[in-house]
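# Close look at the chain arrangement
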Amino acid sequence: MFCSESLCYGFLLWNLLLAWVPYVLSLYIQDRDMKQQKFMGAMLILVWILFLPNGPYIITDLIHLRSREPIPLWYDALVLSTIAWNGLLLTMLAVRNVHGKLQEYYSAVKINIGLVVLFLSAGYGIYLGRFMRWNSWDILYSPMYMIWRSCVELMHPLHHPRPILLSIVFGAILSFTYSIFYLIGHQKNMSNENV
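Quick notes on the rules
- Residues numbered from 1 in each chain as written.
- Predicted model: local features only at pLDDT ≥ 70, side-chain atom pairs only at ≥ 80, totals over all residues.
- Heavy atoms only, no water.
- Helix = DSSP H or I, 4+ residues; strand = E, 2+ residues; numbered from the N terminus.
- Expected span 1.5 Å × (residues − 1).
- Buried < 20%, exposed > 50% of the residue type's maximum accessible area, 1.4 Å probe, protein only.
- 1 Å grid on protein atoms, 1.4 Å probe; cavity = no way out; pocket = protein on both sides within 12 Å on 5 of 7 lines; lining within 4 Å.
- Points joined across faces, edges and corners; volume = space filled by probe spheres on them.
- Nonpolar A, V, L, I, M, F, W, Y, C, P; charged D, E, K, R; others polar.
- Axes fitted to C-alpha atoms, helices over the stretch in contact; angles between N-to-C directions.
- Parallel < 35°, antiparallel > 145°, perpendicular 65-115°, else oblique.
- Left-handed = near helix turned anticlockwise from the far one by under 90°.
- Contact = heavy atoms within 4.5 Å.

A word on helix 5 (residues 108-130). Between its first and last C-alpha, helix 5 extends 33 Å over 23 residues, near the 33 Å set by a 1.5 Å rise per residue. Within helix 5, burial applies to Ile111, Leu115, Leu118, Phe119, Ala122, Gly123, Tyr124, Ile126, Tyr127, Leu128, Gly129 and Arg130.

This is the structure we're talking about:
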């Protein structure tokens, strides 16, 4: 952006700021006693889930990559991919923080099922942002319309294949990425315990 003397990709900074929201919320969730503050804990988790797709959503901003003379294409590719990578990393860290907290209360089986559902719903959230152009906070402005529209699309997958396919593709990508991220962290913890 500085090299091009243009704010052509300025929206990426806003998207990256939104990717920080679930990470900051995850730090707050880590410090909460979920048994003592059930309602507050549930509300925090709900807001966290609503904002979680903002991080991986940045990957879809790669559609904006195109030649802009005299700026080299590699420069724009570097800017876009760096911010997309940071958004994805913030998402993985946010999930790891909440995952660690929920391990205090739930079995591994329940958490793993929850993670699959979480990543599929994040995939659907990415679809809503990229193709429907909705934001995380739109649920406050038009909740009934969003719920109605989502139910229509999800209950009739043959008539609306795109949201289902994108939810599955992004859900699989996020699940795979988080599995690697979690295993690397788990291996590191095991190594530290053995020292």
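Our next topic: the layout of surface pockets. One number sums up the size of the largest pocket: a volume of about 700 Å³. Secondary structure elements with two or more residues in the lining of the largest pocket: helix 1 (11-30), helix 2 (38-51), helix 3 (54-57), helix 5 and helix 7 (143-155). In terms of residues, the lining of the largest pocket owes the most to one element, helix 5, which gives 8 residues. For the lining of the largest pocket, a count of residues per class yields 17 nonpolar, 9 polar and 3 charged. The volume enclosed by the second largest pocket comes to roughly 500 Å³. Lining the second largest pocket are 21 residues; nearest its centre among them are Met34, Ile45, Val98, Leu102 and Tyr106. Elements supplying a minimum of two residues to the lining of the second largest pocket: helix 2, helix 4 (73-102) and helix 5. Broken down by class, the residue content of the lining of the second largest pocket amounts to 14 nonpolar, 4 polar and 3 charged.

Okay, the packing of helix 1 against helix 2 next. Taken N-terminus to C-terminus, the directions of helix 1 and helix 2 make an angle of 155°; their axes are 9 Å apart at the nearest point. The angle between helix 1 and helix 2 places the two elements in the roughly antiparallel class. Our pair here, helix 1 against helix 2, has a crossing hand that is left-handed. Listed contacts from helix 2 to Leu18, Val21, Pro22, Leu25, Ser26, Tyr28 and Ile29 of helix 1 are Leu44, Ile45, Val47, Trp48 and Phe51. Tallied by class, residues from the contact of helix 1 with helix 2 come to 11 nonpolar, 1 polar and no charged.

Running from amino to carboxyl end, helix 1 crosses helix 4 at an angle of 15°, the nearest separation of the two axes being 8 Å. The pairing of helix 1 with helix 4 is recorded here as roughly parallel in orientation. Viewed along their axes, helix 1 and helix 4 form a crossing whose handedness is left-handed. Here Leu12, Leu16, Ala19, Trp20, Pro22, Tyr23, Ser26, Leu27, Ile29 and Gln30 of helix 1 lie close against helix 4, whose contacting residues are Val79, Leu80, Ile83, Asn86, Gly87, Leu90, Leu93, Ala94, Asn97, Val98 and Lys101. Looking at side-chain class alone, the contact of helix 1 with helix 4 contains 15 nonpolar, 5 polar and 1 charged residues.

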